[in-house]
Structures are given as C-alpha cells and as structure tokens.
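Topology and contacts: notes
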Amino acid sequence: MIFHHLFFFSNPFMSSPLDRESSTPYVSSYPKRSPLGALFSRTLPRYSGQYPVGVHDTELSISRQSFGNFSHKSMPGAEAGLTIDTVMFTLFYPTTSQHDKSCQAVWFPRLRQTIDGFLKMAKRTPNFVYRMIAYPSTALAIWGTAFPAIENAPLMSPPSSLSKWPVIIFSHGVGCSRLMYSAFCGEMASRGYIVVAIEHRDGTGPSSRITAEGGIRRDCDWLDWTDLHWVNLDEQPKCDNTLRRVQLEVRQAELEHVIIALNRISKGQKVPQTRFSKGDWSWTPWTCINPSSPIMVGHSFGGSLALAAATDSRFNFSRVIVFDPATQRLAPWRGQICIPLLTINSEEFLLGAEFEILQEVAATASSCHTFLLSGATHPAFSDVFLILPDYINRLVGLAADPLRIIGLTIETVVKFLENDSEYTWEQVQHVDSRSLAPKKLRDFGELVKFQHR
C-alpha cells in the first residue's frame, strides 16, 4: 500500500499547513500524533473509545466456487479464473484485557510478499534491483509497526444496556488488505462494535496467503488485467472493467459466506476453521454478537461491494456506509437501496466523475447523508498517512492532519449510527452542487455536508 499510494495518488491542494485551526464540532480528544508518524514509535495512535480492543484473525473453509473464464498469458498452465475455497477475516472487538504494548498486533505480517505485490501493481517486475531499493526503504518506514489492539484477547460481555454487540463488516479497497484500515476498525471496536474486516482473495490485493483443506498453502497475488485472456470473448477488454466485475462477484460470495459464518458463531454452532487459525481459540463467548442485520462499510472498491450488496436480496443490512466508493464499477446504476446510506468522501473524490455517479446512487437510497473532507485524498481513510511522516504526506497530496481525517470520519459514522437526524448535522457547513468548488474548500480538515440535487 505504501508504494501504491506514493505512485498513484496526488492532490492539487498541497500548500496548506497541517496545523491549521478548525472549528468543526465533531472531533473527540484523540492522542497527539508525531509529525514523524510511526517512524520511531513503531505503533499507530491509541484508540479513543471507552473499551480496550482485541483482535483475532481467522480463516474458514467454504465450498469451492469459481468465477470468470480467463487464462493467464504469462502463466499458461495456471488455474483459469478465480477460485475461492476459504474466507479470511480479522475481528476487532471490545475486550476485558488492558492495553499491553508487548501483545500488540503487527500491521504488516508478510512484508516481503506485500512489497513484491506493490511492485507488480506499479508494473515493475520484482527483480534484484527493485528489491534492493524497495525492501530497505519500506522496512525503514514500517517494519515492526504495530497497532494498539491485543492479539487473541477475550471478548468482553456487552453492558447491561445492550443485549448483544452490533456488528460492522468492512471491505477494503484495491491495493489494500484487511489490516490496512486498523485505525477505523479499532476505533469503532473501542466504541462497542464488533468489526469484521474481510481479506478479499480476488486479485485486488498485493498478496494474500490461503490455507486450504489439508493445510496446503498458496498465495493469491495481484491480478493484472492486461495479462488475462478471456476465453469466451471474441474481442478482449480494453480496460480492467471486465475483471473488476468478476472480482465484485467474488467479493459478494465472500461476504455471503462471512455472514453465514457469523450467524453460526452467534448461535454457538461450529465453523470449519483452516490450519491458519492458531492457538486455543474458543467461539463460545461469541454468542453475544448480533450479525442478523450488520452494518456494511467499504472504501473505494470495498464501497462498490457495499453499494452492490445493499441492493442484493441475499443481504440484510441495517445501514450502509461508504468512503470514496468506486462507483464507475457500478455504472450504469439501476439499483435501489432501501436502507439509510452514509457517504464520506475526500476532496480528491469530489473532483472526479465518480462523484456524479454517487449522486445517482444516493437518489435511490431511503435516506442519504453525503459529507466531504476538505484537504483529504483517497488513501486518507486507511492507515497509511498515520504511519508516514508529515513531509511525505504533503508530497503525495494530503493537505490535512491524517489523525483529524480519521477522527472526523469516526465521529460522523458514530453520529449516523446512533443519533441520525437533520438536527445532528445543523452545525456542519452545508453546500450544494452550485456552490461546491475547490476554492470553497480552503479550510483543510473540515467536514462539509453536501446537499444532493
């Protein structure tokens, strides 16, 4: 993800200092972040909610499914299409254990494979020369970096005011993985939510290790659409849209299996864990979660999944929340979202064509709140800018404090989930399409509510 963002993302509004004052009334008391990021501390900022946070990785066996009819030009003997036979996710949850730095979770557990994946995404073959440059520089920036959640800690019982913990399901974007949004997931867990961060094995991530039946391991690496030959198409695709639509089908299947597993866990039923799942882990305490009507959240292509799944009868969400959703993957939009929708978008996103498509999507929702974060860029919803030093963040276009962006995102999401009314947003600046222009958003790090036409 580090290389992905440094190569691909920029914002024309780079000139504002990061320490600009703001009057937006939605930011809690978050810990002060070092201008050097996590370069020396090697840990992400602590969570600001009332509960300590536990984290647990799990992988479950599912029935084998295949998607897409394509072969690989560079690997003629490779398996055709995309196949899934397991699902993996990380749980972020309130725990009874107190924060202990010695038990924190590692942010990048498979550094070498991930770097090679990012090089492929940048269309650089991971050879000796590139590795000599990429490995040391990335290790210097992130090796050993952890996030403040306690691995395999026990689940806390919900308070007396709450019969069961509510469930959030999170879907990551292209070029990312389940742990690259640990700030958002951990913050929500510290406020009393079970957050299920899915690892998508659809070729949109740099690299993911799969442990199949019998303990057999294989890697699902980045898929380059230019390397694919579609067997059933006379004319080969001119862009990645065909591949992305197949990958969206894979994600919907993974999402369905994750929800089935969560429902089984909540009922005290067994789930088929692979050999990836380590240690003496018990699902017995997890009957106190409520996955029957989960909250669906996604960033970028994960936002595409959230919006598409919200129109699918297989799923029963209570709310849908998207950050900079990749709406071009859903065009032309013909769906209907019958539940409340929240969209939070970077300033970079509103300048593109996808924001126009998002307005079409919003018009079909039962209710919709759309917010803009001035000075934010597309990657700002992930952990990446919390880890990198401020001067690098400025170089790649971030014009606002990254911790403030995460804080505004969290506070807006919580208010939407727990106190959603027009009165809730009275103190937020409102703009419409006529008054919305880059020059109107000069106060970087501000939350702005957009009025749809």
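Residues numbered from 1 in each chain as written. Predicted model: local features only at pLDDT ≥ 70, side-chain atom pairs only at ≥ 80, totals over all residues. Heavy atoms only, no water.

Things to note about the pattern of salt bridges
To be explicit about the condition: By convention in these notes, a salt bridge is any Lys or Arg side-chain nitrogen within 4 Å of a carboxyl oxygen on Asp or Glu. Working definition: helices are DSSP H or I runs of at least four residues, strands are E runs of at least two. Numbering for both runs from the N terminus. Note on classification: 1.4 Å probe, protein chains only; a residue is buried when its accessible area is under 20% of the maximum for its type, exposed when over 50%, partly exposed between these limits.
Applying the stated criterion across every chain yields a total of 13 salt bridges. Between Glu411 and Arg191 there is a salt bridge, and its shortest N-O distance comes to 3.2 Å. Within this pair, whereas Glu411 is found in helix 11 (residues 402-418), its partner Arg191 is found in the loop between helix 4 (182-189) and strand 7 (194-199), the two being separated by 220 residues in sequence. Summarising the burial analysis for this pair, Glu411 and Arg191 share the class buried. One continuous salt-bridge network, built from bridges that share partners, spans Asp57, Arg178 and Glu199.

Let's talk about the nonpolar core
General note: in soluble globular proteins, nonpolar side chains tend to be found buried as a group. The test is simple: Note on terminology: a nonpolar core comprises buried Ala, Val, Leu, Ile, Met, Phe, Trp, Tyr and Cys residues joined through side-chain atoms within 4.5 Å. Residues are treated as being in contact if the distance between any of their heavy atoms lies within 4.5 Å.
In terms of nonpolar packing, the biggest core is built from 64 residues, with Ile194, Leu255, Trp286 and Val320 touching the most fellow members. Setting aside its immediate chain neighbours within four residues, Leu255 contacts Ile169, Ile198, Met296, Leu305, Ala309, Phe315 and Phe317. With 57 residues, the next largest nonpolar core counts Phe323, Ile344, Val396 and Leu408 among its residues.

Brief notes about unusual backbone geometry
Here the residue pair Ala331 and Pro332 is connected by a cis peptide bond, since its omega of -5° sits within 30 degrees of zero. Of note, Pro332 is situated in the loop between strand 12 (319-323) and strand 13 (337-346). Backbone geometry at Asn152 places phi at a positive 55°, although glycine is not the residue there. On the secondary structure map, Asn152 appears in the loop between strand 5 (146-151) and strand 6 (165-171).

Re the packing of helix 5 (residues 241-266) against helix 6 (residues 301-310)
Threshold: To obtain an axis, a line is fitted to C-alpha atoms, over the contacting stretch when the element is a helix, and the angle between two such axes runs from 0 to 180 degrees between their N-to-C directions. When an angle is under 35 degrees it counts as roughly parallel; over 145 it counts as roughly antiparallel; between 65 and 115 it counts as roughly perpendicular; any other value is oblique. Should the near helix be turned anticlockwise from the far one by less than a right angle, the crossing is termed left-handed; should it be turned clockwise, right-handed.
Look at helix 5 against helix 6: their axes get within 10 Å of each other, and the N-to-C directions meet at 65°. By the angle between their directions, the pair helix 5 and helix 6 is classed as roughly perpendicular. Crossing geometry of helix 5 relative to helix 6 is assigned as right-handed. Contact residues: helix 5 offers Arg244, Gln247, Leu248, Arg251, Gln252 and Leu255, while helix 6 offers Phe301, Gly302, Ser304, Leu305, Ala308 and Ala309.

Overview of the sheet that holds strand 3 (residues 82-94)
The test is simple: Pairing between strands is defined by DSSP: at least two bridges between them are needed.
A sheet is described by the order of its strands in space; here 12 strands give the open sequence 4-5-1-3-7-6-11-12-13-14-16-15, paired in mixed fashion. Unpaired on one side and paired on the other, strand 4 (104-106) and strand 15 (429-432) mark the two borders of the sheet. Neighbour-to-neighbour, the strand axes of this sheet turn through a mean angle of 35°, independent of strand direction. Bridge count for strand 1 (residues 53-67) against strand 3 is 12 bridges, and the pairing is antiparallel. Bridged to Leu60 within strand 3 is Val87.

Thoughts on helix 5
Short version of the rule: Helices are assigned an expected span. That span is 1.5 Å times one less than the residue count.
Here helix 5 contains 26 residues, and its C-alpha end-to-end distance of 37 Å stays within 8% of the 38 Å for a straight helix at 1.5 Å per residue. Count one or two residues on from helix 5 and you reach Gly268, which has phi positive near 80°.

Comments concerning the packing of aromatic side chains
Cut-off, in case you're wondering: By convention, a stacked pair of Phe, Tyr or Trp rings (six-membered ring in the case of Trp) has centres within 6.5 Å and planes under 30 degrees apart, an edge-to-face pair has planes over 60 apart, and any other such pair is tilted.
Evaluated as defined, the whole model comprises 16 aromatic pairs. Ring geometry for Phe170 versus Phe184: centroids 5.7 Å apart, planes at 40°, classification tilted. Taken together, the residues span a long stretch of sequence, with Phe170 in strand 6 and Phe184 in helix 4 at a distance of 14 residues. Neither residue differs from the other here; Phe170 and Phe184 are each classed as buried. A ring pair is formed by Phe323 and Phe381, whose centres lie 5.0 Å apart and whose planes are at 5°; its orientation type is stacked. Taken together, the residues span a long stretch of sequence, with Phe323 in strand 12 and Phe381 in the loop between strand 14 (365-373) and helix 9 (384-387) at a distance of 58 residues.

Observations regarding the side chain of Ser190
With respect to the secondary-structure elements, Ser190 resides in the loop between helix 4 and strand 7. With sequence-adjacent residues up to four places away left out, Ser190 is seen in contact with Tyr47, Ser48, Gly49, Gln50, Tyr51 and Val53.

Some thoughts on helix 11
Rule in force here: Between N or O atoms, a polar contact is any pair within 3.5 Å; within protein, one atom must be a potential hydrogen donor and the other a potential acceptor, and residues adjacent in sequence are included only when both atoms are from side chains.
Between its terminal C-alpha atoms helix 11 stretches 24 Å, which fits the 24 Å expected from 17 residues at 1.5 Å a residue. Where helix 11 begins, the capping side chain belongs to Asp401, and its oxygen is found 3.0 Å from the backbone nitrogen of Leu403.

Quick look at the environment of Leu342
By secondary structure assignment, the location of Leu342 is in strand 13. With 74 residues separating them along the chain, Leu342 and Phe416 place their C-alpha atoms 7.4 Å apart. Look past the residues within four positions of Leu342 in its chain and what remains in contact with it is Val320, Ile321, Val322, His369, Phe371, Thr412, Val413 and Phe416.

A short note on the side chain of Ser177
By the secondary structure assignment, Ser177 is in the loop between strand 6 and helix 4. A relative accessible area of 14% places Ser177 in the buried class.

Here we look at the environment of Pro325
Along the polypeptide, Pro325 turns up in the loop between strand 12 and strand 13. Looking at Pro325, the relative accessible area reads 0%, which means it is buried. Measuring from C-alpha to C-alpha, the distance between Pro325 and Leu358 comes to 7.8 Å, with 33 residues separating the pair along the chain. In this structure Pro325 touches Ser300, Gly303, Ser304, Leu307, Asn345, Phe349, Glu354 and Leu358, once residues within four positions along its chain are discounted.

Overview of the confidence of the model for the protein
Put simply, the rule is: Confidence of the predictor in every single residue is expressed as pLDDT, which spans 0 to 100.
Counting all residues, the mean pLDDT for the protein is 82, and 77% of those residues have values of 70 or more. Across residues 1-28, confidence stays below pLDDT 50; counting only partners more than four residues off in sequence or on other chains, it has 87 contacts.

Observations concerning the pairing of strand 7
Summarising burial for strand 7: six of the six residues are buried, a large majority. Here strand 7 shows two buried faces, one formed by Ile194, Val196 and Ile198 and the other by Val195, Ala197 and Glu199. When strand 3 meets strand 7, the two strands line up antiparallel, connected through five bridges. Residue pairing for strand 7: Leu91 is matched across the bridge by Val196. Relative to strand 7, strand 6 runs parallel, the two sharing five bridges.

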